[in-house]
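Each chain is listed here by its residues.
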Amino acid sequence: MTNGEFAKMKAADTQFLEAFYKMFAHYYVKLKDETFTNFRKTPLGDYLWKIQNVISEIDQNLEDIKFAEEMLLAYDPNDKPLSKKGNAAQAIRYHYENYILRATKIKDHSLSLINEVMRLQLRKSPNMENQLIKHLDPAYGDFSVVWGYMKQLTDHIKPYRNYLAHNGTVQHKDLSLLNTHYTIDIMHKSPVDQFRFDAGMTSVQRELVEKFANQVNVYLINSDQVLKMIYLYLAKPFLDNMEILTLAYKQTQKL
């Protein structure tokens, strides 16, 4: 990439992800074997590689959450009688827990991304968030507002995550009711009563699936907005660091 191309990218206020993928493709896509290994060991190569790893973790985490939403919706019975070929209550619980475990990781991955892009070299620790906020360069703007949205995004999930970590499973009265329905045969003497009971269980499962899936969907929408704000913030420091690292790399290539 020439100095002119790089300057044009900065002047165009290119977004972080767009700039990153252009840079990564420029330096990595055509490299093979020993050339790849040697570039990976350079400060520039290491910088791009570590950022790529964190972005991949964020993308994979979001894909897992989307999959959890799709699997929850797969158990929406609409108005059909519930089939007892499998225990849908346990499946619903599993996918909802999967969402909770992954949703709380977005914040940690975002911290790692900021740490790598800004080249802060902070170690992962319980105090990493406070340390990172203190080390951010105010020249790039006030990040506290953006991070406030990230904290709001995860704060409502943390109690569920903590409960899950300490108790091993999510507790919900409708899940327990459904689990009983799937594991114990409850037969009513009157066909009318049996029909009402089966219809009631169908309604419980439908409302539970809708509630859980809607919660996941709202999280995905909000997380997308928060990540966009973080990426917008990271665009300038990324390009500034790339300019420094690229210049240093080109100088070593002349030796």
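No experiment lies behind these values; they were computed from the predicted model shown. (Residues numbered from 1 in each chain as written. Predicted model: local features only at pLDDT ≥ 70, side-chain atom pairs only at ≥ 80, totals over all residues. Heavy atoms only, no water.)

A. Structural view of the overall build of the protein chain. The number of helices and strands found in the protein chain is eleven helices and zero strands. N-terminal to C-terminal, the α/β element order of the protein chain is α-α-α-α-α-α-α-α-α-α-α. Since a compact globule built from 255 residues should have a radius of gyration of about 18 Å, the 25 Å found for the protein chain marks it as more spread out than a globular shape. When the 255 residues of the protein chain are sorted by exposure, 42% land in the buried category. Long-range pairs, those at least 24 residues apart, make up 77% of the contacts in the protein chain with a sequence separation of at least 6. Counting 32 positive and 30 negative side-chain charges, the protein chain places the centres of these two groups 4 Å from one another. (Helix = DSSP H or I, 4+ residues; strand = E, 2+ residues; numbered from the N terminus. Rg over C-alpha atoms; globule rule 2.2 N^0.38 Å. Buried < 20%, exposed > 50% of the residue type's maximum accessible area, 1.4 Å probe, protein only. Contact = heavy atoms within 4.5 Å. Lys, Arg positive; Asp, Glu negative; His and termini not counted. Charge placed at Lys NZ, Arg CZ, Asp CG, Glu CD.)

B. Just the environment of Q205, in detail. The topology assignment puts Q205 in helix α11 (residues 191–254). Given the relative accessible area of 3%, Q205 is considered buried. For the pair Q205 and L178, spaced 27 residues apart in sequence, the C-alpha separation works out to 7.1 Å.

C. Up close: the side chain of H109. Assignment of secondary structure puts H109 in helix α6 (residues 105–117). Not counting the four nearest positions on each side in its chain, H109 is found in contact with V54, E57, I58 and N61.

D. Representation of the packing of α6 against helix α8 (residues 144–155) within the structure. One way to put it is that α6 packs onto α8 with a least axis distance of 10 Å and a crossing angle of 155°. In terms of orientation, α6 and α8 fall into the roughly antiparallel class. From α6, I106, K107, S110, L111 and I114 reach across to α8, where they touch W147, M150, K151 and T154. A breakdown of the residues in the contact of α6 with α8 according to their chemical character gives five nonpolar, two polar and two charged. (Axes fitted to C-alpha atoms, helices over the stretch in contact; angles between N-to-C directions. Parallel < 35°, antiparallel > 145°, perpendicular 65-115°, else oblique. Nonpolar A, V, L, I, M, F, W, Y, C, P; charged D, E, K, R; others polar.)

E. Examining the packing of aromatic side chains more closely. One pass over the structure, following the stated rule, counts 21 aromatic pairs. Judged by centre distance (6.4 Å) and plane angle (25°), the rings of F24 and W49 are stacked. With F24 in helix α2 (residues 16–28) and W49 in helix α4 (residues 43–73), this pair connects stretches of sequence that are 25 residues apart. When its relative accessible area of 16% is taken as the criterion, F24 is described as buried. Owing to a relative accessible area of 25%, W49 belongs among the partly exposed residues under this scheme. When the ring of Y96 is compared with that of Y99, the centres are 5.9 Å apart and the planes differ by 40°; the resulting orientation is tilted. Highlighted residues: Y96 and Y99, both in helix α5 (residues 88–103), separated by three residues, approximately one helical turn. Each member of the pair, Y96 together with Y99, is buried. (Phe/Tyr/Trp six-rings, centres within 6.5 Å; stacked < 30°, edge-to-face > 60°.)

F. Expanded view of the nonpolar core. Core analysis: the biggest nonpolar cluster contains 71 residues, and F16, L48, Y99, L113 and F238 have the highest contact counts within it. Of all the secondary structure elements, the ones that give two or more residues to this core are α2, α4, α5, α6, α7 (128–135), α8, α10 (173–183) and α11. Of the residues forming this core, the biggest block, 22 residues, is contributed by α11. The contact partners of L48, leaving out residues within four places of it in the chain, are F20, M23, F24, Y27, Y28, F39, F238 and M242. (Core = buried A, V, L, I, M, F, W, Y, C linked by side-chain atoms within 4.5 Å.)

G. Highlighting α7. By the burial criterion, the buried members of α7 are M128, E129 and L132. For α7, the arc enclosing every buried residue in end-on projection is 95°, short of the 170-degree limit, so these residues lie on one face. Packed against the buried residues of α7 are α6 and α8. (Arc of directions from axis to C-beta.)

H. Examining α5 more closely. In a regular helix each residue adds 1.5 Å, so 16 residues correspond to 22 Å; α5 covers 22 Å between its end C-alpha atoms and thus fits that length. The buried fraction of α5 amounts to twelve of the 16 residues, a majority that puts the element mostly inside the structure. A88, A89, A91, I92, R93, H95, Y96, E97, N98, Y99, I100 and A103 are the residues of α5 that are buried. (Expected span 1.5 Å × (residues − 1).)

I. Here's a closer look at the side chain of N115. The topology assignment puts N115 in helix α6. In this structure the side chain of N115 is engaged in a polar contact, spanning 2.9 Å, whose partner is the backbone oxygen of L122. Excluding anything up to four places from it in sequence, N115 contacts L120, Q121, L122, M128 and L132. (Polar contact = N/O pair within 3.5 Å; in protein donor to acceptor, adjacent residues only side chain to side chain.)

J. Representation of the environment of F212. Tracing the backbone through its elements, the reader meets F212 in helix α11. Among the residues examined, F212 registers a relative accessible area of 2% and is labelled buried. Each C-alpha atom, one on F212 and one on Q52, is 32 Å from the other, the two residues being 160 residues apart in sequence.

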